[in-house]
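The lines below spell out each chain.
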Amino acid sequence: MGLGVDLRQVVAGVLTLTMFVMLGNMIKRDHFDSLEEKLPGGSEDANFESAQFDATHVRKNIGLWKGDADDLKPCWVKPSVDDVEQTDGFVTFALTNGPEYHISQIADAVIVARSLGATLVMPDIRGSQPGDKRNFDDIYNVDVFMKSMEGVVRVVKDLPPHISTRNIAAVKVPNRVTEDYIAEHVEPIYRTKESIRLATYFPSVNMRKAGKKGDTDSVACLAMFGSLELQPEMHEVVDSMVERLRTLSRNSDGQFIAVDLRIEMLDKKGCQGSGNDGEKSCYNAQEIAVFLRKIGFDKDTTVYVTESRWDSSLDSLKDLFPKTYTKEAIMPADKKRKFLDSEFEKVIDFYVSAESDVFVPAISGLFYANVVGKRIGSGKTRVLVPASSSASSNFLSPYVSNKNHFAYSCYC
């Protein structure tokens with residue numbers, strides 16, 4: 001009997017030590033502010049059932065569901081189109097790669113068109129597959145966009161027939177394009193060709209506040225946070241899914257967590273293994289489950305994951321949090337045929353993540369950065385990252401804890 005007790009103690013000690021080694025690695029540093037940097041953390045296996053967490057101090061520090069809410073209001077000044085000399089040319093562009101990119105692409109296009117005094121042509125929406133093309137109003141509300149741009153930049157729905165697309169010059173600009181860049185690299189081409197087709201590229205993910213506010217920041221604030229709203233049917237689908245998640249969360253006062261965890265992205269980033277430096281580029285389902293349990297969320301917590309359909313790699317998350325759902329499980333049945341589609345799914349994930357009570361990114365990048373921006377504007381600042389600096393005990397996103405996200409230039 002004595003030997004049995006000793007053996008159990010030894011096993012429990014080993015498991016506990018393994019767990020805390022893993023968790024210790026998870027809180028070394030935070031790299032979520034850059035797409036290029038890797039996210040640290042070990043990949044050791046852990047026996048979840050045997051692990052015990054003393055999370056009282058963590059719970060006390062972060063307030064699992066509610067933090068220190070900032071009562072912020074839009075504080076950008078709407079610029080006037082009269083401040084800019086108007087020209088006869090047009091700026092065309094497309095929205096690509098999903099809503100996290102759309103927000104930035106819209107901002108850059110509006111800034112360029114305004115700077116040139118050009119007329120902006122309503123964009124179409126391009127999917128990831130060749131030929132996957134949609135109209136703007138398939139996803140977004142045209143009236144809201146047009147009204148938001150009144151007095152800022154002229155907007156037309158279509159390029160006039162007398163303008164040949166063959167004569168339009170293709171121009172690439174970096175995300176968060178500056179007036180100086182436009183003057184040096186874009187305006188000379190525009191003056192020659194009179195119309196341009198714009199494409200934004202992303203040398204890095206940089207959503208931090210600028211040093212000083214100017215006219216360009218006001219335009220960017222308006223474009224990013226005041227111009228895009230879902231069209232009514234899409235809005236209804238997102239609202240019904242959020243309501244369903246709240247209904248499933250009765251034991252936690254209708255509150256739920258959204259986790260951005262997409263298997264394809266994890267595989268691309270090599271999330272299943274560590275590099276030579278012991279750092280990782282993201283966190284898998286098992287590590288997210290450990291993190292959530294460690295900071296005090298109980299097994300009855302409702303979790304929404306952005307992976308479209310159930311994948312066996314999510315089982316370890318469901319083992320600890322049985323109420324874990326994908327969009328396929330909670331979308332209204334009569335909407336599945338239309339909206340279980342790659343482009344619509346990205347939009348749904350983005351807006352459900354923006355509406356959740358807590359958001360946890362398993363992957364760094366633009367989705368994380370722009371979801372945080374949208375959440376800041378609506379006062380939903382519970383964004384918890386699985387890696388945080390050793391000096392921090394609250395696991396809050398640095399964008400929020402340091403108030404250095406660009407959204408803090410727009411909301412005061």
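Residues numbered from 1 in each chain as written. Predicted model: local features only at pLDDT ≥ 70, side-chain atom pairs only at ≥ 80, totals over all residues. Heavy atoms only, no water.

**Topic: the overall build of the protein**
The helix and strand tally for the protein stands at 16 helices and 13 strands. Contacts in the protein between residues at least 24 apart in sequence constitute 76% of all its contacts with a sequence separation of at least 6. With an accessible surface of roughly 18600 Å², the protein has 49% of that area assigned to carbon and sulfur atoms. (Helix = DSSP H or I, 4+ residues; strand = E, 2+ residues; numbered from the N terminus. Contact = heavy atoms within 4.5 Å. Areas by Shrake-Rupley, 256 points an atom, 1.4 Å probe, with all protein chains shown as cover.)

**Topic: the packing of aromatic side chains**
In total, this model carries eleven aromatic pairs according to the counting rule given. Between Phe-291 and Phe-395 the ring centres are 5.3 Å apart and the planes differ by 75°, which places this aromatic pair in the edge-to-face class. With Phe-291 in helix α9 (residues 285-294) and Phe-395 in the loop between α14 (366-377) and α15 (398-401), this pair connects stretches of sequence that are 104 residues apart. Here the two residues Phe-291 and Phe-395 agree in accessibility, since each one is buried. These aromatic residues form a ring-pair network of at least three members: Phe-350, Tyr-351, Phe-359 and Phe-367. The ring of Phe-344 has Arg-134 sitting right over it, with the charged end atom 4.8 Å from the ring centre. Sitting over the face of the ring of Tyr-325, Lys-318 holds its NZ or CZ atom 5.6 Å from the ring centroid. (Phe/Tyr/Trp six-rings, centres within 6.5 Å; stacked < 30°, edge-to-face > 60°. Buried < 20%, exposed > 50% of the residue type's maximum accessible area, 1.4 Å probe, protein only. Lys NZ or Arg CZ within 6 Å of the ring centre and 35° of its normal.)

**A few points about unusual backbone geometry**
In this structure, Asn-97 is a non-glycine residue whose phi angle is positive, near 70°. By the secondary structure assignment, Asn-97 is in the loop between β2 (90-96) and α3 (99-116).

**Some thoughts on a negative patch on the surface**
A cluster of acidic residues, Glu-236, Asp-239, Glu-243, Asp-334 and Glu-355, forms a negative patch on the protein surface. In terms of residue count, helix α7 (residues 232-247) provides more of the negative patch than any other element does, three residues in total. Here Glu-236 lies in helix α7. When its relative accessible area of 46% is taken as the criterion, Glu-236 is described as partly exposed. (Patch = residues over 30% accessible without salt bridge, like charges linked within 9 Å, V, L, I, M, F, W, Y side chains within 5 Å. Salt bridge = Lys/Arg side-chain N within 4 Å of Asp/Glu carboxyl O. Lys, Arg positive; Asp, Glu negative; His and termini not counted. Charge placed at Lys NZ, Arg CZ, Asp CG, Glu CD.)

**A few points about the packing of α3 against helix α13 (residues 342-355)**
For any two helices packed against each other, the geometry is given by the interaxial angle and the distance between the axes. With their axes 8 Å apart at the nearest point, α3 and α13 run at an angle of 80° to one another. Taken together, the axes of α3 and α13 are roughly perpendicular relative to one another. Residue-level contacts link Pro-99, Glu-100, His-102 and Ile-103 of α3 to Glu-343, Lys-346, Val-347 and Phe-350 of α13. (Axes fitted to C-alpha atoms, helices over the stretch in contact; angles between N-to-C directions. Parallel < 35°, antiparallel > 145°, perpendicular 65-115°, else oblique.)

**Some details on the state of the cysteines**
Defined simply, a disulfide is a covalent bond joining two cysteines at their sulfur atoms. The full count for this structure, using the stated rule, is two disulfides. Disulfide pairing places Cys-75 opposite Cys-412 at an S-S distance of 2.0 Å. Here the S-S torsion is close to 50°, and the disulfide linking Cys-75 with Cys-412 is therefore right-handed. Here Cys-412 lies in the segment after α16 (407-410) and Cys-75 lies in the loop between α2 (56-62) and β2, a separation of 337 residues in the sequence. The residue that forms a disulfide with Cys-221 is Cys-410, at a sulfur-sulfur distance of 1.9 Å. Its S-S torsion of about -80° marks the bond between Cys-221 and Cys-410 as left-handed, since a negative value means left-handed. Here the residue Cys-221 occupies a position in helix α6 (residues 215-226), and Cys-410 occupies one in helix α16, the gap between them amounting to 189 residues. Judged on exposure class, the residue Cys-221 and its partner Cys-410 are both buried. Counting its disulfide-bonded cysteines in sequence order, the protein shows a connectivity of 1-4, 2-3. (Disulfide = S-S within 2.5 Å.)

**Some points on the pairing of strand β13 (residues 358-361)**
Taking every second residue as pointing to the same face, both faces of β13 are buried, with Val-358 and Val-360 on one and Phe-359 and Pro-361 on the other. Here strand β9 (residues 256-260) runs beside β13; their pairing, made up of four bridges, is parallel. Looking at the pairing, Val-259 lines up with Val-360 of β13. (Pairing = 2+ DSSP bridges.)

**A word on the side chain of Thr-326**
Looking at the element boundaries, Thr-326 is found in the loop between β12 (324-325) and α11 (327-330). At 3.4 Å, the side chain of Thr-326 and the backbone oxygen of Ser-308 are in polar contact. Filtering out sequence-adjacent residues up to four positions away, Thr-326 remains in contact with Tyr-304, Val-305, Glu-307, Ser-308, Arg-309, Trp-310 and Leu-314. (Polar contact = N/O pair within 3.5 Å; in protein donor to acceptor, adjacent residues only side chain to side chain.)

**Looking at the nonpolar core**
Of all hydrophobic cores here, the largest spans 112 residues; its most connected members are Leu-120, Phe-297 and Ile-348. The leading source of residues in this core is α3, at nine residues. Once you skip the residues sitting within four places of it in the chain, Leu-120 turns out to touch Val-91, Phe-93, Ala-109, Val-110, Ala-113, Phe-145, Val-153, Arg-154, Val-155 and Val-156. (Core = buried A, V, L, I, M, F, W, Y, C linked by side-chain atoms within 4.5 Å.)

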